[in-house]
Amino acid sequence: MKLTGAQILMEVLKEEGVDSIFGFPGGATIDIHDNVVKTDMHHYLVRHEQAAVHAADGYARVSGKVGVCIVTSGPGATNAVTGIATAYMDSIPLVIICGQVPTHLIGNDAFQEVDIVGITRPCTKHNYLVPSVEDLPRILKEAFHIARSGRPGPVLVDIPKNVQQGVTNYKPNQKVRLKSYNPTYKPNAKQLQKVVDLIKSSKRPLIFAGGGVLLSKGADELTRLARSTEIPVTMSLMGLGAFPGTDPLSLGMIGMHGTYRANMSSGECDLLIGIGVRFDDRVTGKTDCFASQAKIVHIDIDPTSIRKNVPVSVPVVGDCKSCLEILNTLLEDEDLEAMKARRRPWMEKVETWKQQYKLAYAQEDEIKPQFVVEKLYELTHGEAIITTEVGQNQMWTAQYYHFDRPRQFVTSGGLGTMGFGLPAAIGAQVAFPDALVVDVAGDGSIQMNIQEMATAMQYKLPVKVVILNNCYLGMVRQWQELFYDKRYACTGLEHAPDFVKLAEAYGAVGFKATRPDEVEAVLRQGLETPGPVIMDFRVSREECVYPMVPAGAPITEMLLV
Ligand SMILES: Cc1ncc(C[n+]2csc(CCOP(=O)(O)OP(=O)(O)O)c2C)c(N)n1
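The name given to the protein chain in an unreviewed UniProt entry is Acetolactate synthase, with Desulfosarcina ovata subsp. ovata as the source organism. Annotation of the protein chain in UniProt includes, under Catalytic activity (unreviewed entry), the sentence "2 pyruvate + H(+) = (2S)-2-acetolactate + CO2". Looking at the Sequence similarities (unreviewed entry) heading of the UniProt record, one finds this comment for the protein chain: "Belongs to the TPP enzyme family."

Below is the structure:
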């Protein structure tokens, strides 16, 4: 059948099962947007392109599907870059469709022309400038395939206007043939046998799980492995939810703001099994000292991430879920009871660390931010989908909201993008319209994409925003307090909008709490009020996130209060 480029795009999106698209139009996408509204797909018009990408990203993180967004050429495309880099760092599958000036104008400084393929080369898994309408179906199919397979990531497709308008013969459901791209899903059995041998001989093992476990949908297999062998589990920020946070074997988050027990365990374990992790510097601290007594096993689908940051004794390249399945099967033949008995002293030690330093704060006259997150956890029974902005709000959420299931916690881990949380919450709410979706925000970050309240209102997406309002760029202020003699350079946010009135200006509802005894009532009201809500909690201004490992120090050297 003969179709235009824009029509072909719709056909491929339908074939790929796309039901929701986030976008912002321009001259270079008029043909595409004109066709989107002729389909059954829902298009969500955001107020800024960065938000379109974050919303598609939030949608992808909670649903496990590929997120899709459409932005126009030039400023539309450059506005999208932060969102693309955010998804790239966290390995989130996205297809970003960009409008581009007609092919004959490319390279001529045409109106709203920018080399977005060049700009995004280092922050996309792959990207394409579509040279002709004949190439479009193949490229689109490849884009989806690359985005979701192997280590997932964002793929950008830049489509010139004449390609959108050009006509060609379209054959549905074309097969993808990419000779040079073959991710290794199936692990090497011998390597996994080595892992089993190490588990058998280890006296002090520790599992370190990351976002790769969630991306591979391997959380159940991880839980089985940990429970059958009774190995304690710590998680990276991106891995929270890969293993139930309330399980007795969970040590919580590791790293710069990790728990005492997790960080100490990593320092003293003799075997560290890293699964779907990057060994990011926020996790390892001083790398020479990280897990220095341990043999390190690294299981990952991306061979290039293995040995990138830490030395590894046993590398295993493969899909995390498949690797965990095989490990579980191999372990069925082992004497697990004897193994557990040998490790009793280790488990006792871990338990002592657990009791020695619990996450703690003192709720006094002012509202403590930790108290707000704890109450939120209590009132939502730990069941909400939580997104965060970036900063202290993000770390307190990671520490005090205990994530028991996969894809419940949505946060910008790798890039640490302020302004991520609200649009990501919108995307998550689109994926799960009936779920309670809450963005925990700082007063700084929320102002980076607050305009998306309008999007939430327009599409009746009842996201709730909890602002931990300390009138500071709190996380930076914390560093200034601890390492710069309290010189709070450029971090004061004394002038802020009245968030209650701002909510109302968007047609939403706002609440404010200034005293600890108001926290519960405001949360209850806010969560029960239909539609989008902003809750402004005036929290203790100079509260710090603890534990904290100073940058570059070993992670066992924590500042505890
Ligand atoms: C786009 C962007 N700009 C700057 C930063 C650096 N940064 C990291 S945390 C932080 C402070 C965030 O302040 P706020 O949103 O008020 O949250 P709080 O730390 O107070 O909870 C800043 C400025 C960043 N992560 N992202």
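1. With respect to the pattern of salt bridges
In this structure the tally under the stated criterion is 32 salt bridges. Between arginine 224 and glutamate 332 there is a salt bridge, and its shortest N-O distance comes to 2.7 Å. Here the residue arginine 224 occupies a position in helix H11 (residues 219-229), and glutamate 332 occupies one in helix H14 (residues 320-332), the gap between them amounting to 108 residues. Aspartate 536 is the salt-bridge partner of arginine 538, the closest N and O atoms lying 3.1 Å from each other. Exposure remark for arginine 538: the relative accessible area of 30% places this residue in the partly exposed category. Linked by salt bridges that have partners in common, Glu15, Glu16, Lys141 and Arg148 make up one network.

2. Observations regarding the UniProt feature "domain: Thiamine pyrophosphate enzyme TPP-binding" (unreviewed entry) in the protein chain
Per the UniProt record, "domain: Thiamine pyrophosphate enzyme TPP-binding" (unreviewed entry) is found at residues 390-536. Secondary structure over residues 390-536 splits into 36% helix and 16% strand, and the C-alpha atoms at its two ends are 17 Å apart.

3. Overview of helix H3 (residues 49-63)
Across its 15 residues, H3 extends 21 Å between first and last C-alpha, which sits within 8% of the 21 Å expected from 1.5 Å per residue. Within H3, 14 of the 15 residues are buried, which leaves it mostly tucked inside the rest of the structure. Taken from the residues just after H3, glycine 64 is the one with a positive phi, measuring 80 degrees.

Reading guide: rules and limits
- Residues numbered from 1 in each chain as written.
- Predicted model: local features only at pLDDT ≥ 70, side-chain atom pairs only at ≥ 80, totals over all residues.
- Heavy atoms only, no water.
- UniProt positions renumbered as here; feature names shortened; annotations may be inferred.
- Salt bridge = Lys/Arg side-chain N within 4 Å of Asp/Glu carboxyl O.
- Helix = DSSP H or I, 4+ residues; strand = E, 2+ residues; numbered from the N terminus.
- Buried < 20%, exposed > 50% of the residue type's maximum accessible area, 1.4 Å probe, protein only.
- Expected span 1.5 Å × (residues − 1).

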